[in-house]
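# Structural description and commentary
One letter stands for each residue in the lines below.
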Amino acid sequence: MASDFRRNVSIRGNQDFSEIKLGNPVRVAAGALGVKEALRHGFKEMGVVRSMTALLNMNQQDGFSCPSCAWPDPEKPSKLAEYCENGAKALADEATTSHIGADFFKKHSVEELSQLTAYELNKFGRIIEPLVLKAGSVNYEPISWQEAYNLISEELNALNSPDEAIFYTSGRSSNEAAFLYGMFARALGTNNMPDCSNMCHESSGVALGETLGIGKGSIKLEDLYEAEVVIVAGQNPGTNHPRMLSALEKCKQNGGKVISINPLRESGLVNFKNPQHLKGWISGEDMADLHLPVKINQDIPLIKLMLIKLATLDAIKNNIFDHEFLETYVDGYQELLNDLKTYDEKALLAQCGVALETINKAVNLLAKKSKIVVCWAMGLTQHKNGVENIREYVNLLLLKGAIGKPNAGTCPVRGHSNVQGDRSVGIMHFVNKELNERIEKHLGFVPPSKEGYDTVGAMEAMHEGKAKVFMCLGGNFLMAASDTEYTAKAIQNCDLTVQVSTKLNRTHLVTGKTALLLPTYGRSEKDMKDGKLRHITIENSMGQVRQSRGLLKPASETIKSEPDIIAELAHTFFNGKHSIDWKGMGENYELIREKIDQVVKGYADTEKKSKGTGYYLPNNVRELDFSELPNGKAQLTINQVPQHKLNTNEYMLMTMRSHDQFNTTIYGLDDRYRGVYNERRVLFMNPQDMESAGLKKLDVVNITSTYDGIERTANKFKVIPYAIPKGDLAAYFPETNVLVPYNHFSDRSKTPISKSIKVTLKKV
Ligand SMILES: Nc1nc2c(c(=O)[nH]1)N[C@H]1C(S)=C(S)[C@@H](COP(=O)(O)OP(=O)(O)OC[C@H]3O[C@@H](n4cnc5c(=O)[nH]c(N)nc54)[C@H](O)[C@@H]3O)O[C@H]1N2
Ligand SMILES: Nc1nc2c(c(=O)[nH]1)N[C@H]1C(S)=C(S)[C@@H](COP(=O)(O)OP(=O)(O)OC[C@H]3O[C@@H](n4cnc5c(=O)[nH]c(N)nc54)[C@H](O)[C@@H]3O)O[C@H]1N2
Ligand SMILES: [Mo]
C-alpha cells in the first residue's frame, strides 16, 4: 500500500494464497454450449427462470448478442442455443441478482473495499444507483442523475482546454452509445479517446492498414469452413473464443488442416469436444494437426524460416507461390526474396525453438495449398514488434495468393464483443479527415483536428497533470492498463473521474479527487422507453453489423442505458444549445442510427440493417482493391528478427487469461484447461528451468522486471511446472500488470508489451 496515494487505498488487494489444487490439464475443451458449466454458473447467479430465458435467447436472431467475445454468429443460426460456457459465464455475471447500492457503500469505504481481491469485488453484484465519492470522503453516497450531469459539466467547463478531458471506451458498448460518446468528445473539442483496442488489436489494425489497406480482417465466418489450412497463432480459442472451435471443426470435417503456433499446447486446439454433436468427439483426434511450440515473441524467425523453405521449393517448381497474384496485386516481391536470402537458417531455427521436423511438416502442408486463413489474437499483438509480427504472417498469405478469395485471408480474432464497432463508429484518438468532413456536414459542428491521447498517452497526460477529467464508458482502466502503480498515480491526479459501469472494480476505488459511479444496463437487459423496447447494434469480429435486443428485467429502475446517460450529459453540458439534438437521440436510437448512416462510411444500408444476422460493412480486401496503398498494391514487408539478449538469469514472461476470467473480471479461481484450481497467483515454468534455478513445485517467488533502471515487482507467485519452452514463463493478467512498464509498447501501435516482459525471479 503506497502512502503517496490519495485515500489509503490498495492497488493490489489481498495477496494471500488460497488452497491451491493442481490436476492434469483438462485436454478436452468444449466449444458451443458447454451445457453443464453454463447452467451451473447461470443458476447460481441468476436463478433458474432468468437463466433459461436468457440462455435460450443469446445469439438468436431476435435475441441479444453475447456480451463476451466478438466471434460471429453463424449465417444460419442453429435452433440450439449458440453460446459457449464462457458466454454463459459472462451473461450470468452481468445478469446476477446480487445488487449493491448506497447502503452498501455507506457501510464499506473505498479503502476497505480496496483490500479485497478482484474476484471478491466482482462477486458483490450489480451497481444499482448513481453514486458520488466526494473530495476528502472515503464512502460513496447517492447522487441524482441530474446532479451527476451538472457536476461533470461544471468540471468540464472549468478546464483550461477541452484537451484536459479524456474519454476512455471499453469494447462492450453498443454502436449507438459509442457514436454518441465519440461525438460528445469531439463536440467538446477533443480527440482524447483512448480505447481498449489500444491495448488489444491496435497492432493488427496498424499492420493490416499498412499491408492491405484496411485495419480489419478479411474473412467471413463461412470462409473458415472450407479453408485448406487454418493457422491459429498466438490465440487460445478454447478459453477466449470457444465458438470458433465449431468453425474449426467444420473445416476439419471438410478435410482442412489446422496448425497451432503457440508456446503452449492450449486445450481446444489439441482436443475438442462439441457437445452439440451426439457423437461428441470429432474422430478422437487433436484439433490441431500440427502444433509449433514457438518461443515467446519468436514468430518472425519461425515464419521467415518457413518462407525461405517455401521460396526454395518455389525456385524449383515455380508453383508454390501464386505468381499471377503477386504480379497483379502485390508490391515488394523481389525485395522480400532478396531479404530472405540474407538469413542463416540455422540461426532462425535455434531462435524460434521449434523442431526442424515440425517446421518441415508445416511447410509441406502449406506448399501446395492456397486456401489459407491465419487467425490470431494477443499472442502476436502485445509485443514491442507486434505490428511486425502480423506483417510477417501477412507476407505468408500474400505469397500464397491467400488474400481476397473464398476460404482464405486474415482473421484477427477480436476481443470485446463490440470493440470493432466502437472504432467503426468513431472511437479513435487519431484524426480521420473524411469522417471530420462528414461530421461537419451532417452534425453541424467542426470537430477538432488535433490527434488525441491513446491509452498510453492518456496515462502519461494524467500522470503529468495535463488531464483533469477522466471518463470511462465501461472497462476497468486501472487494472487493464500497464504499470498498475504508474496508472494509479495518473488516475489519482485527476480532479474528477467518472465510471459508467455495471459491476464494481478497482478503478471505482482508486479514483480522482471526486468520483462518479454511473450504473448502466448490461446487454441482456430490456431497454424500454415510453413502453417500447429499444435495440442496439454491434459489429462482430468479421465486420458484420447486427441487432441486439435485451430481454431480462434490468437490475434496477434507477439505472440508465449508456446512450441515455451520454445524451443527457451532453444535453446538460450544452444546455440544450447545440447543433445536435442530444436529448432526442438519447430517447430514440433510430435517430442515432440515421446519423451513423450519414457520418460513418458504409453504414448507409438501412434496409438490411434491421434484419437477421445483419449486414457486412465494406472491405476493400474482399474486393481485391488496394488502390489506397503505394502503387495501388498490397504490400509485402521486411520485418526485423527480434533480439532479446536475455541474461542467464532472465526469462521472458507472457501475461495471459485463465479460463475463469473475462479480462479484469474474475469469475472464479480455476483454470481447468491448464489443471490449476483455486488459485491465480501462479507462474507456469519449464521443469528444466525450475531445476536449473533450484525451484520446486509450488515454491513461492517474487517476479521482477527492470526497464530503464526501474524495478517493478509482483509479489508471491507459486511456481508450477508446465510444458512451456525453456526460458519462457507465463502468468495471469491483471495480477502481473504491475510488471509491464508504461513506456514500453509496440512500435507504431503503442500496444503495451504484455506478452514479452523480461523478468528475474527471487524465491521467498
Ligand atoms: N472467456 C474469455 N473470453 C475472452 C476474454 C477473456 O478474458 N475471457 N477476453 C477477450 C479479449 S478483450 C481478447 S483481446 C481476447 C484475447 O484472446 P487471446 O489472445 O486468446 O488471449 P490470451 O489469454 O491473452 O492468450 C494469448 C495466447 O497467445 C499465446 N502467446 C503468447 N505469446 C506468444 C507469442 O509470442 N507467439 C505466439 N504465437 N503465441 C503467443 C499464449 O500462449 C496464449 O495462448 O479474448 C476475448 N475473449
Ligand atoms: N497484462 C495484460 N494487460 C492487458 C491484457 C493482457 O493480455 N495482458 N489484455 C488487454 C486487452 S486485450 C484488453 S481488451 C483490455 C481490457 O480492458 P477493459 O475493457 O478496460 O477491461 P474489462 O476487464 O473488460 O472491463 C470490465 C468492466 O467493464 C464494466 N462493464 C461490463 N459490461 C459493461 C457494459 O455493458 N457497459 C458498461 N458501461 N460497463 C460494463 C464492468 O464494470 C467491469 O468491471 O485489457 C488489456 N490489458
Ligand atoms: Mo482485448
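Residues numbered from 1 in each chain as written. Chains lettered and ligands numbered in written order. Predicted model: local features only at pLDDT ≥ 70, side-chain atom pairs only at ≥ 80, totals over all residues. Heavy atoms only, no water.

### Re the overall build of the protein chain
Condition: Secondary structure follows DSSP: runs of H or I at least 4 residues long count as helices, runs of E at least 2 residues long count as strands, and numbering of each begins at the N terminus. The globule rule used here is 2.2 Å times the number of residues to the 0.38 power, and the radius of gyration it is set against is calculated over C-alpha atoms. Residue exposure (1.4 Å probe, protein chains only): buried if accessible area is under 20% of the type maximum, exposed if over 50%, otherwise partly exposed. Method for areas: the Shrake-Rupley scheme with a 1.4 Å probe, in which residue coverage is limited to the protein chains shown. Asp and Glu count as negative and Lys and Arg as positive, but His and the ends of the chain are not part of the count. Charge placement uses NZ in Lys and CZ in Arg. For Asp and Glu, CG and CD serve respectively.
Secondary structure assignment for the protein chain yields 29 helices and 32 strands. Taken against the 2.2 N^0.38 rule, which gives 27 Å for 764 residues, the C-alpha radius of gyration of the protein chain at 25 Å falls within 12% of a compact globule. Judged by the C-alpha coordinates and their principal axes, the protein chain covers about 75 × 60 × 55 Å. The buried share of the protein chain, taken over its 764 residues, is 64%. Accessible area for the protein chain stands at about 27,400 Å²; split by element, carbon and sulfur atoms hold 49% of it. Of the charged side chains in the protein chain, 91 are positive and 91 negative; the average position of the first set lies 4 Å away from that of the second.

### Comments concerning the site of ligand 2
Heads up, the rule is: Near is defined per residue: the residue qualifies when any heavy atom it owns lies within 4 Å of the molecule or strand. Throughout this description, a polar contact denotes any pair of N or O atoms lying within 3.5 Å of each other; where both atoms belong to protein, one of them has to be capable of donating a hydrogen while the other can accept it, and for residues adjacent in sequence the pair is counted only when both atoms sit in side chains. Three categories are distinguished: nonpolar for Ala, Val, Leu, Ile, Met, Phe, Trp, Tyr, Cys and Pro, charged for Asp, Glu, Lys and Arg, and polar for the others, with Gly belonging to the last.
Neighbouring ligand 2 are 31 residues; Tyr168, Ser170, Ala480, Glu562 and Thr664 lie closest to it. Contact distances for ligand 2 include 3.5 Å between a nitrogen atom and a backbone N or O atom of Gly474. Here an oxygen atom of ligand 2 and a backbone polar atom of Lys503 are 2.8 Å apart. Summarising the interface, the protein chains cover 96% of the accessible area of ligand 2, which totals 920 Å² for the free molecule. In terms of residue class, the shell around ligand 2 is built from 10 nonpolar, 16 polar and 5 charged.

### Observations concerning the site of ligand 1
If you check the shell around ligand 1, you find 31 residues, and the closest are Asn262, Glu266, Asn297, Gln661 and Asn663. Here an oxygen atom of ligand 1 and a side-chain polar atom of Asn262 are 2.6 Å apart. Within the backbone of Met378, one N or O atom sits 2.8 Å away from an oxygen atom of ligand 1. When ligand 1 sits alone it has 920 Å² of accessible area, and the protein chains cover 99% of it.

### What to know about the domain arrangement of the protein chain
Worth spelling out the cut-off: Domain delimitation in this document rests on an assignment produced automatically or drawn from a domain database. In this description, contact between two residues means that some pair of their heavy atoms is separated by no more than 4.5 Å. The term buried area refers to how much accessible surface (probe radius 1.4 Å) is lost by two components on association, counted for both of them together. The rule for a salt bridge is simple: a side-chain nitrogen of Lys or Arg has to be within 4 Å of a carboxyl oxygen of Asp or Glu.
In terms of domain boundaries, the protein chain breaks down into domain 1 (100–198 + 418–611), domain 2 (202–412) and domain 3 (651–763). With centres defined by C-alpha atoms, the gap from domain 1 to domain 3 works out at 31 Å. At the junction of the two partners, domain 1 supplies 18 residues and domain 3 supplies 20 residues. Around 1,600 Å² of area is buried between domain 1 and domain 3 when both sides are counted, 55% of it from carbon and sulfur atoms. Of all residues in domain 1, Tyr119, Val456 and Asp483 give up the largest surface area on contact with domain 3, accounting jointly for 32% of the area buried on that side. Where domain 1 meets domain 3, there are 2 salt bridges. The residue Asp483 makes a salt bridge to Arg712 at a minimum N-O spacing of 2.9 Å. Those elements that provide at least two residues to the side of domain 1 that touches domain 3 are helix 6 (118–123), helix 22 (455–463), helix 23 (477–480) and helix 24 (484–492). Looking at the side of domain 1 that touches domain 3 element by element, the count peaks at 4 residues for helix 22.

### Here's the deal with the sheet that holds strand 32 (residues 757–763)
Here is the rule we go by: At least two DSSP bridges between two strands are required for those strands to pair. The axes are straight lines fitted to the C-alpha atoms, using for helices just the contacting stretch, and the angles between their N-to-C directions are given from 0 to 180°.
A barrel is described by the order of its strands in space; here 6 strands give the closed sequence 24-31-28-30-29-32, paired in mixed fashion. Going across the sheet, the axis of each strand differs from the next one's by a mean of 45 degrees, ignoring polarity. In this sheet, strand 30 (residues 710–721) lies alongside strand 29 (residues 700–707) in antiparallel orientation, the contact comprising 7 bridges. For Val701, the partnering residue across the bridge sits in strand 30 and is Phe717.

### As for the environment of Leu496
Along the chain, Leu496 falls in strand 16 (residues 496–501). Relative accessible area serves as the criterion here: at 0%, Leu496 is assigned to the buried category. For the pair Leu496 and Leu133, spaced 363 residues apart in sequence, the C-alpha to C-alpha distance is 9.7 Å. Excluding residues that lie within four positions of it along the chain, Leu496 makes contacts with Leu151, Ile152, Glu155, Lys468, Val469, Phe470, Thr514, Ala515 and Leu516.

### Notes on the environment of Ala350
Mapping Ala350 onto the fold places it in helix 16 (residues 345–352). The exposure class assigned to Ala350 is exposed, which follows from its relative accessible area of 62%. A C-alpha to C-alpha distance of 38 Å links Ala350 and Thr487, two positions 137 residues apart in sequence.

### Re the side chain of Lys400
Looking at the secondary structure, you find Lys400 in the loop between helix 19 (386–399) and strand 14 (409–412). Buried Lys400, no salt bridge; nearest opposite-charge side chain is Asp314, N-O distance 7.5 Å. In contact with Lys400, not counting residues within four places along its chain, are Ile320, Phe321, Asp322, Leu366, Ala367, Lys368, Lys369, Ser370, Ile372 and Lys405.

### Some details on helix 13 (residues 299–317)
To keep things clear, this is the line we draw: For a helix, the expected span equals 1.5 Å multiplied by the number of residues minus one.
With 19 residues, helix 13 ought to run about 27 Å at 1.5 Å a step, and its terminal C-alpha atoms sit 26 Å apart, in line with that. Counting buried positions along helix 13 gives 14 out of 19 residues, so the element sits mostly inside the fold. Residue Asn318 follows helix 13 closely and has a positive phi angle near 60 degrees.

### A short note on helix 12 (residues 243–253)
In terms of residue burial, helix 12 counts as a mostly covered element, since 9 of its 11 residues are buried. When we look at burial in helix 12, the residues that qualify are Arg243, Met244, Leu245, Ser246, Ala247, Leu248, Glu249, Cys251 and Lys252. Backbone geometry just after helix 12 places Gly255 at a positive phi near 95 degrees.

### Quick look at unusual backbone geometry
The omega torsion of the bond from Phe733 to Pro734 falls at 10 degrees, within 30 degrees of zero and hence cis. Note on placement: Pro734 falls in the loop between strand 31 (728–732) and strand 32. Of note in this structure, Leu624 is not a glycine but carries a positive phi near 55 degrees. A positive phi angle, close to 60 degrees, is found at Lys750, a residue other than glycine. By secondary structure assignment, the location of Lys750 is in the loop between strand 31 and strand 32.

### Examining the packing of helix 13 against helix 17 (residues 356–367)
What counts, and what does not: Geometric relationships in this document are graded by angle, where less than 35 degrees denotes roughly parallel, more than 145 denotes roughly antiparallel, 65 to 115 denotes roughly perpendicular, and other angles denote oblique. If you view the pair so one helix is near and one far, a crossing is left-handed when the near helix is turned anticlockwise from the far one by less than a right angle, and right-handed when it is turned clockwise.
For the pair helix 13 and helix 17, interaxial distance at closest approach is 10 Å and the crossing angle is 55 degrees. In terms of their interaxial angle, helix 13 and helix 17 are classed as oblique. Considering how the two elements wind past one another, helix 13 and helix 17 form a crossing that is right-handed. Two secondary-structure elements touch here, helix 13 through Leu302, Leu305, Met306, Lys309, Leu310 and Leu313 and helix 17 through Leu356, Ile359, Asn360, Ala362, Val363, Leu366 and Ala367. Split into classes, the residues belonging to the contact of helix 13 with helix 17 amount to 11 nonpolar, 1 polar and 1 charged.

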